[in-house]
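Structure at a glance
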Amino acid sequence: MTVFDDHVARIRAGGPIDVVAGSLLALLTRDERLGCLDGDLEFWSGLAGMLSASRAPWPGAAIPRLGVPGIQFSDGPRGVKLGSATCFPVAMARGATWDTELEERVGRAIGEELRAQGGNLFGGVCVNLLRHPKWGRAQETYSEDPAHVGEMGAALTRGASEHVMACVKHFALNSMENARFKVDVSADERTLHEVYLPHFRRVVEAGAEVVMSAYNSVNGAWCGENRALLTGILRDEWGFSGIVISDWIAGLRDPVASVKAGLDIEMPFRQQRAYALPEALADGRLTWDEIDEAALRILTTLLRYYARLTAPAPPISVVASEEHQGLALEAAEKAIVLLRNEAVGGEPALPLAAARLSRLAVVGRLAGRPNTGDHGSSDVHPPHVVTPLDGLRAALPGVTIDFEDGSDRDSLWRIVAGADAAIVVVGLTASDEGEYISIGGDPAILALFPPRPPRVEGASPAKQAVVGGGPSTASMGGDRTSLELSGRDIELIETVAAANARTIVVLMGGSAITMEGWRERVPGIVYLWYPGMEGGHALARVLLGDVNPSGRLPFAIPVDEAHLAKFDRDATAATYDLWHGQWKLDRDGNAPAYPFGFGLSYTTFSVKALAARRDGDSIALRAEVANTGPRAGATVVQAYAGLPESRFERPLRHLVAFSRADLGPGERREIEMRIPLERLAVRDGSGWLVEPGEYVFTLAQYAGDPEGQPLRVPVGA
Ligand code: BGC
């Protein structure tokens, strides 16, 4: 039994955690205390290991002499970036499921796969709000809506936390990619607390033990040394008592200021602090009390985690197990959003009747290749990937399936014209969007590197610039330049639609794709996302009607990009306000192509608002949801709140609760949704105010649903 184990046992036996952690801290030497405050790898050799794509957990704050395991971090969110793990659909796809119970199971599976491979910290709870669909890392978060992101992130955290600690990132206002190392984001009190921070709070309250600060600066201070965020809001206001770690390599600029701001661990290397802190302690800019405060938080968090860990350690066979692959399939199926399903020859284009198919054309360069998301820090390496073409071939063994990637127009025309239906798979890949690695040429960041030891073999200057595991090329990922499909994809859709009346467009990508030029020309549009390792099977099951589509958009798709908030991917300064996505479309009176929350089904549903009542600190809404059609299916009942007579500028309506309902044909069910009053509050000055007045809660199946039913609830002063 190590000294650390002994301290864990004392907590389990009822010892007060602050006392036990204090006694552990007292056993540490000064070097060990200081060593808690950064990653455990040396910078240059660590960087070289990073370049060779080593997929071991990132260690920090370990003290082998006493058995303190430290943090052992691995990325996500589409799985664990270790070994050959299960690759789930990207977070945005899972956001489209609106299924928190499923997300919790995904979190648990990820936690198991990480723990089985020696990790204890899952760095994949990314809840930065999708302010604009051009954000390169849109796929890593859940949606444009704070309430929705918060519930999904909390579910992932709950699940993962059964096995590991969860790290929520990137705190905060990190919603642009190319400019992430240089942009200062300004936001006023209301914008911060009502739009960009509530979901972080929700995830922290759901048990995230670690918070990763962002690269960008907020209101003039880099996030890794932003005391207002890391101490004022996170610890003092929200009561967070866990660990704050930096984002990798460029996450802090002033090591002393970062300690004073409340950042505990510089990740992932002994980079700036290892050199600067001893000097600052010697000349009095820092005190040992300040070092100990951070070291104590780190030890306390580790002790708390190991003391609460009761689930048995999973065997290595959980990694990409059949059960987890089944979960990846379920998530991919539930994520698929059916956007359009018009009649062809008197009946809806989808589902395809397998019995009546003899020839199917599958076209597009994305149909036959694995496309699971970006190649940045969220990349997961599954044992196999089922492409759309693989999935359709497996599901339709008796059908002739002709595949053409689109490059040979003659053969394209031939196979499409002769087919019973044409499936066109188009959209985005890792070269269009994703994490953007761009620090190579930035002298401000190169200046953060420690002096290079003469005898250590390093990488070339370009390679030294790599962060997060991918090569430093401007062509990889980053923010999108357009919301439209490429000209080549649009031309392909138009060619196929002209040759085959039953043309189904399958979109891949991580956020909104505008489609005004062509969407009316095809009868079917399906959003497949980056659907994970089992995505092709999921697609086949939805297209053939074995699974009834139930995904709902986690963002609005505008008819015109000009209707969205301003987005400049090279900005050095940006101001965020209350307005983006569906809220902005509503305010400006611009109808979307497809609203937030929208998705079709092969059956039909009705939602009837029954009653609303105030119940202590919350409002309870009751509704009846019914499947009014002939097939089993699922819908998402969405509750939107508005206060028409408000004295504040507010969204016309905003999501306050949602509930997914699976219903057999003709089945009806009563559901209740609870809305904590704080979801209605406005940040007035530095406090919260639930403004008195008559609130209107609309129960609907998407934002602006004309069939939505209102319930009015007066809330007193
Ligand atoms: C990303 C983080 C990630 C870290 C480690 C950074 O570049 O911004 O999201 O966790 O790399 O891979």
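Taken as a whole and assessed by the stated rule, the structure comprises 0 disulfides. The thiol of Cys-36 is unpaired, and the distance to the nearest cysteine sulfur, on Cys-167, comes to 17 Å. Given the relative accessible area of 0%, Cys-36 is considered buried. Between Cys-167, a cysteine without a disulfide, and Cys-126, which holds the nearest cysteine sulfur, the sulfur-to-sulfur distance is 10 Å.

In the structure shown here, the tally under the stated rule is 19 aromatic pairs. Ring geometry for Phe-43 and Phe-449: centres 4.8 Å apart, planes at 50°, overall tilted. Here Phe-449 lies in the loop between α17 (443–446) and α18 (461–464) and Phe-43 lies in helix α4 (residues 43–51), a separation of 406 residues in the sequence. Here the two residues Phe-43 and Phe-449 agree in accessibility, since each one is buried. Among the aromatic residues, those joined into a cluster by ring pairs are Phe-43, Trp-44, Trp-58, Phe-73, Trp-248, Phe-269 and Phe-449.

In this section: the sheet that holds strand β6 (residues 184–187). The 4 strands are arranged β9-β8-β6-β20 in an open sheet whose pairing can be described as mixed. The strands lining the two open edges of the sheet, one partner per strand, are β9 (221–222) and β20 (573–576). Two elements, β6 and strand β8 (residues 217–218), share 2 bridges in a ladder whose sense is parallel. Following the sheet pairing, Val-185 is matched in β8 by Val-218.

Attention now goes to the nonpolar core. Counting 124 residues, the largest nonpolar core has Phe-171, Leu-173, Ile-245 and Trp-248 as its most contacted members. It is helix α13 (residues 288–308) that contributes the most residues to this core, 10 residues altogether. Per-domain counts for this core show at least three residues from each of domain 1 (41–61 + 69–285) and domain 2 (325–433 + 479–553). Apart from the residues lying within four places of it in its own chain, the contact partners of Phe-171 are Leu-197, Phe-200, Val-211, Met-212, Ser-213, Ala-214, Cys-223, Leu-229, Leu-230, Leu-234 and Trp-238. Judged by nonpolar contacts, the second largest core, of 45 residues, contains Val-337, Ala-422, Val-522 and Phe-555.

Looking at the chain, the domain boundaries give domain 1 (41–61 + 69–285), domain 2 (325–433 + 479–553) and domain 3 (603–715). Taking only C-alpha atoms into account, the centre of domain 2 sits 33 Å from that of domain 3. Counting from both sides, the interface comprises 6 residues of domain 2 and, opposite them, 9 residues of domain 3. Summing the contributions of domain 2 and of domain 3, the shared interface buries around 610 Å²; its carbon and sulfur component is 36%. The three residues of domain 2 that bury the most area against domain 3 are Asn-548, Ser-550 and Arg-552, which together make up 74% of that side's buried surface. At the junction of domain 2 with domain 3, the criterion picks out 0 salt bridges.

Quick notes on the rules
- Residues numbered from 1 in each chain as written.
- Predicted model: local features only at pLDDT ≥ 70, side-chain atom pairs only at ≥ 80, totals over all residues.
- Heavy atoms only, no water.
- Disulfide = S-S within 2.5 Å.
- Buried < 20%, exposed > 50% of the residue type's maximum accessible area, 1.4 Å probe, protein only.
- Phe/Tyr/Trp six-rings, centres within 6.5 Å; stacked < 30°, edge-to-face > 60°.
- Helix = DSSP H or I, 4+ residues; strand = E, 2+ residues; numbered from the N terminus.
- Pairing = 2+ DSSP bridges.
- Core = buried A, V, L, I, M, F, W, Y, C linked by side-chain atoms within 4.5 Å.
- Domains from an automatic or database assignment.
- Contact = heavy atoms within 4.5 Å.
- Buried area = accessible area lost by both parts, 1.4 Å probe.
- Salt bridge = Lys/Arg side-chain N within 4 Å of Asp/Glu carboxyl O.

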